[in-house]
Amino acid sequence: MSGQHAATIGLTHGASQDTGLGHRGPESKSIVVPYGFWLFVLSDMILFSTLFATYASLVNATDGGPTTHELYDRTLVAVETMALLFSSFTCGLAVIVAKRGNMLWTQIWLAVTGFLGLIFLGLELYEFAHMIGEGAGPQRSAFLSSFFTLVGTHGLHVFAGLLWLGTTMAQIFAKGFREHIMRRLLCFSIFWHALDIVWVAIFTIVYLIGTLPA
């Protein structure tokens, strides 16, 4: 194939052969950053998938210790779930008003999101403290080790999300709705919604199935 013919059908791009960056060079941040962030979210889903598989294989390995029916409190978990799900709703509202350039309501909805996240995290820590106080800590059995690892990893993600939320609120307040700030807000929103999806799976697989009548 001649070099002239190859150029005609688009297999070569003149100067791009020297840079190795393709016909138009590197993509803009508006494409590269979301792509990289989605890869991060997918890697997190793989992490939680392995933790779910570990929990499912060890749920009956109680070593004579307390079982799921003796430990889980559906009422407490229901309140946790409502707080986190509603925080996802208020996070969505924050993104909508941010796109309209409304500083006041963006900060209000983000603050409500953070407040509900704190409620969720506080209840989770209370549950952990209560279980450990009753001698059902992570070292008691393989089942409890897998439970604390799975639920605790999600809790750590929520804590990291709250730190991210506070930083985002400060940046919006200081710099307004610039393009890169809005991009960070959208990434945070995706992260927060992903945590909701993981929690719904935890609520169903760990708490709901774990307290069904034998």
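Residues numbered from 1 in each chain as written. Predicted model: local features only at pLDDT ≥ 70, side-chain atom pairs only at ≥ 80, totals over all residues. Heavy atoms only, no water.

**Q** Outline the nonpolar core, supporting the account with residue identities and numerical values.
**A** Among soluble globular proteins, nonpolar side chains are generally buried collectively. Of all hydrophobic cores here, the largest spans 44 residues; its most connected members are Phe147, Ile202 and Tyr207. Put simply, the parts of the chain that give this core at least two residues each are helix 3 (29–58), helix 5 (74–99), helix 6 (103–133), helix 7 (142–175) and helix 8 (179–210). (Core = buried A, V, L, I, M, F, W, Y, C linked by side-chain atoms within 4.5 Å. Buried < 20%, exposed > 50% of the residue type's maximum accessible area, 1.4 Å probe, protein only. Helix = DSSP H or I, 4+ residues; strand = E, 2+ residues; numbered from the N terminus.)

**Q** Quick one: what's the story with the confidence of the model for the chain, residue by residue and with numbers?
**A** Scored by pLDDT, the chain comes out at a mean of 88, with 86% of its residues at no less than 70. Confidence drops under pLDDT 50 across residues 1–20; counting only partners more than four residues distant or on other chains, this segment forms eleven contacts. (pLDDT = per-residue confidence, 0-100. Contact = heavy atoms within 4.5 Å.)

**Q** How would you sum up the side chain of Thr106? Please name residues and give values.
**A** Structurally, Thr106 can be placed in helix 6. Thr106 sits in the buried class, given a relative accessible area of 0%. Discounting residues that sit within four places of it in the chain, Thr106 has contacts with Ala94, Val97, Ala98, Ile172 and Phe177.

**Q** Summarise the pattern of salt bridges; cite the residues concerned and give the values.
**A** As enumerated under the stated definition, the model contains two salt bridges in all. Arg183 serves as the salt-bridge partner of Glu179, at 3.9 Å between the closest nitrogen and oxygen. Of this pair, Glu179 and Arg183 both sit in helix 8, separated by four residues, roughly a single helical turn. For Arg183, a relative accessible area of 16% translates into the label buried. (Salt bridge = Lys/Arg side-chain N within 4 Å of Asp/Glu carboxyl O.)

**Q** Provide a residue-level description of the packing of aromatic side chains, including the pertinent values.
**A** If you walk through the whole model with that rule in mind, you get 17 aromatic pairs. Each ring, one from Phe37 and one from Phe40, has its centre 5.8 Å from the other, and the planes form 45 degrees; the classification is tilted. With Phe37 and Phe40 both in helix 3 and three residues apart, this pair spans about one turn of that helix. Of the residues examined, Phe37 reaches a relative accessible area of 11% and is grouped as buried. Classification of Phe40 by relative accessible area gives partly exposed; the value is 36%. Note on Tyr55 and Phe143: the rings are 6.2 Å apart at their centroids and 55 degrees apart in plane angle, and the pair reads as tilted. With Tyr55 in helix 3 and Phe143 in helix 7, the pair connects residues that are 88 residues apart, well separated along the chain. Taken together through their ring pairs, the aromatic side chains of Tyr72, Phe120, Phe128, Phe147, Phe148, Trp199 and Tyr207 make up a single cluster. (Phe/Tyr/Trp six-rings, centres within 6.5 Å; stacked < 30°, edge-to-face > 60°.)

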